[in-house]
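Close look at the chain arrangement
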Amino acid sequence: GTRGFPNTRYLPCQLLLPQPFPHLVGRAVPSPWKHSNFSFLTHCLCLLLLQGPRWQIRLQPWAGPTQSLDEEAWRFLSYISTTQIVCDHMSADSLATDSSPANKPWLVCLDDRFGLAHQIRSKQCRLYSLGLGSDDTHFEVSMANDGCEVHRFDPSVKSAHVLESQRLWYHRLSIDWRDPHPALAAQKPYSNTRKLGSILNEFGHHKIDVLKADLESAEWKVLENLILEDVLEQIGQLIFEIHLHWPGFEVSGSDSSVVRFWYSLLKELEQKDFRLFHSYKDLSKPQLFLKKEIFNASSCYTLSWVNTRWK
């Protein structure tokens, strides 16, 4: 019956949608309560539409009324420089004692409340490392030696899969924000480019305790993909090197809109209950922000987040 429901043919989506689906807000959907012949199947299809994949992130409001680069940059740089949670036990070398961890970029949080230390001790830890030809694998080797199952993805690896040591694998795969087009994939069935979600399915892995990424400006689109496809829920800690000297691959628009996009991505992490516990400003890299020497910014930062809901 129609008791308790508006006597209209269509209900606006904002009456039905939870917050995660703003792309459908305002779209009219047929009301199942108006027409007795509204089939169960149609109703299910409507619900699938409402709960379908997101196609874009939620952009945050502009930092100020003028929508200027200054306003956006100061908000963004302040955000990435301010930790959101205190981690009492941080280490760049897993469980090893480190006298000055704050001076190192690749840090994990080993507080017992987040479980990583326990996972390492019980040899149940899994780390994914995404890179592009870097020779510095000290962090990966250290985590493997301490008990983590480590998978390093790097398209420059000579063989498809290499077991470097008991717990350290190298894979000739590049993590992208999209899978190869089906037509191209058919021609090259062993293409070495995949989305992270596709890799997880292919490897049969449901959880990653630590995801480390140094993707040389592809990080923004990869991070966007992880957010839109809900892969973040499968990750315990994120360590990302971000690059600010240019917008990044397939990121476009005015300088202020680019920085707003960056900021909005990181706010999505916060909304997913990730909290920044370490920020490292690389002073050895050019001090450039969108190709300009401004704001006393480095072109490279390494940011570490912990998923506070991680079990």
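Everything discussed here concerns the structure shown above.
Presented here is a report on the structure given in the accompanying data block. Everything numeric here is computed off the predicted structure, so don't read it as measured data.

**Considerations on the packing of helix H2 (residues 69–80) against helix H8 (residues 255–271)**
In a packed pair of helices, the relevant descriptors are the angle between the two axes and the axis-to-axis distance. Contact geometry of H2 with H8 gives a least axis separation of 9 Å together with a crossing angle of 30°. Comparing their axes, H8 and H2 come out roughly parallel. For H2 against H8, the interelement crossing comes out left-handed. Residue-level inspection shows Leu-69, Glu-72, Ala-73, Arg-75, Phe-76, Tyr-79 and Ile-80 of H2 in contact with H8, the latter providing Asp-255, Ser-256, Val-259, Arg-260, Trp-262, Tyr-263, Leu-266, Lys-267 and Glu-270. For the contact of H2 with H8, a count of residues per class yields nine nonpolar, one polar and six charged.

**So, the nonpolar core**
Phe-76 and Phe-289 are the most contacted members of the largest nonpolar core, which has 52 residues in total. Among the elements that take part in this core, H8 stands out by supplying eight residues, more than any other. With residues up to four places along the chain from it excluded, the contact list for Phe-76 reads Trp-220, Ile-242, Leu-244, Val-259, Trp-262, Tyr-263, Leu-266 and Phe-289. Of all hydrophobic cores here, the second largest spans 18 residues; its members include Phe-139, Tyr-170, Val-210 and Ile-239.

**Describing the pattern of salt bridges**
Under the counting rule described, the total for this entry stands at 16 salt bridges. Across the pair Arg-126 and Glu-149 runs a salt bridge, and its minimum N-O distance is 3.3 Å. Remark: Glu-149 occurs in strand E6 (residues 149–153) and Arg-126 occurs in strand E5 (residues 126–130); sequence separation between them is 23 residues. Each of Glu-140, Arg-152, Asp-154 and Lys-212 takes part in a single network of salt bridges with overlapping partners.

**Brief notes about the environment of Val-141**
You can see Val-141 is positioned in helix H4 (residues 138–145). On the basis of relative accessible area, Val-141 is assigned to the partly exposed category, the value being 33%. Along the backbone, Val-141 and Ser-165 are 24 residues apart, and their C-alpha atoms lie at a distance of 8.9 Å.

**Looking at the sheet that holds strand E13 (residues 274–281)**
Spatially, eight strands are ordered E7-E8-E6-E5-E11-E12-E14-E13 in an open sheet, and the strand pairing comes out mixed. Since the sheet does not close on itself, it has two edges, and those belong to strand E7 (161–165) and E13, each with one partner. Averaged over all adjacent pairs, the angle separating strand axes in this sheet is 15°, with direction ignored. In this structure, strand E12 (residues 235–243) lies alongside strand E14 (residues 300–307), joined through seven bridges in antiparallel fashion. Along E14, the bridge assignment pairs Leu-238 with Trp-305. Each of E5, E6, E7, strand E8 (168–171), strand E11 (208–213) and E12 is contacted by helix H6 (residues 196–203), which is oriented at about 135° to E5, the strand it contacts most. Each of E11 and E12 touches helix H7 (residues 219–228); the most contacted strand, E12, lies at about 155° to it.

**What to know about the side chain of Lys-212**
With respect to the secondary-structure elements, Lys-212 resides in strand E11. For Lys-212, the side chain forms a polar contact with the side chain of Glu-140, separated by 2.7 Å. Filtering out sequence-adjacent residues up to four positions away, Lys-212 remains in contact with Trp-106, Tyr-128, Ser-129, Leu-130, Asp-136, Phe-139, Glu-140 and Ile-239.

**Observations regarding the packing of aromatic side chains**
Tallied over the entire structure, the rule returns 10 aromatic pairs. A ring pair is formed by Tyr-79 and Tyr-263, whose centres lie 5.2 Å apart and whose planes are at 80°; its orientation type is edge-to-face. Within this pair, whereas Tyr-79 is found in helix H2, its partner Tyr-263 is found in helix H8, the two being separated by 184 residues in sequence. Neither residue differs from the other here; Tyr-79 and Tyr-263 are each classed as buried. Judged by centre distance (5.6 Å) and plane angle (90°), the ring pair of Phe-289 and Phe-295 falls under edge-to-face. Each member of the pair, Phe-289 as well as Phe-295, carries the same accessibility label: buried. Pairwise contacts between aromatic rings join Trp-74, Phe-76, Trp-220, Trp-262, Phe-289 and Phe-295 into one cluster. Taking the ring centre of Trp-310 as reference, the NZ or CZ of Lys-207 above it sits at 5.1 Å. Geometry around Trp-106 places Lys-212 over its ring, the cationic atom sitting 4.3 Å from the centre.

Cut-off values and rules
Residues take numbers from 1 onward in each chain, read along the sequence in its written order. Only residues with pLDDT of 70 or above have their local features reported here, since the model is predicted, and side-chain atom pairs are shown and tallied only from 80 upward, although totals for entire chains, interfaces and linings are computed over all residues. Side-chain figures throughout are based on the complete set of non-hydrogen atoms in the structure, without hydrogens or water. Axis definition: a line fitted to C-alpha atoms, over the contacting stretch in the case of helices. Angles run 0 to 180 degrees between N-to-C directions. Numbering goes from the N terminus for both helices and strands, where a helix is a DSSP run of H or I of at least four residues and a strand is a run of E of at least two. Should an angle fall under 35 degrees it is called roughly parallel, over 145 degrees roughly antiparallel, and 65 to 115 degrees roughly perpendicular, with every other angle called oblique. Whether a crossing is left-handed or right-handed is set by the direction in which the near helix is turned from the far one by less than a right angle, anticlockwise for left-handed and clockwise for right-handed. Only heavy atoms matter for contacts: two residues are in contact if any of them lie within 4.5 Å across the pair. For this classification, Asp, Glu, Lys and Arg are treated as charged, while Ala, Val, Leu, Ile, Met, Phe, Trp, Tyr, Cys and Pro are nonpolar and the rest, including Gly, are polar. Think of a nonpolar core as a cluster: buried Ala, Val, Leu, Ile, Met, Phe, Trp, Tyr and Cys residues, connected wherever their side-chain atoms sit within 4.5 Å. Exposed residues in this analysis have more than 50% of their type's maximum accessible area, buried residues have under 20%, and partly exposed residues fall in between, with area computed by a 1.4 Å probe over protein chains only. Note on definitions: salt bridges are taken to be side-chain nitrogens of Lys or Arg within 4 Å of carboxyl oxygens of Asp or Glu. Criterion used throughout: strands pair if DSSP finds at least two bridges between them. Any N or O atom pair separated by 3.5 Å or less is treated as a polar contact, with the protein-specific requirement of one donor-capable and one acceptor-capable atom, and with residues adjacent in sequence counted only for side-chain atom pairs. Note on aromatic pairs: the rings of Phe, Tyr and Trp (six-membered ring only in Trp) are paired at centre separations within 6.5 Å, and the planes decide the class, stacked below 30 degrees, edge-to-face beyond 60, tilted for the rest. To sit over a ring, a charge needs its Lys NZ or Arg CZ within 6 Å of the ring centre and within 35 degrees of the ring normal.

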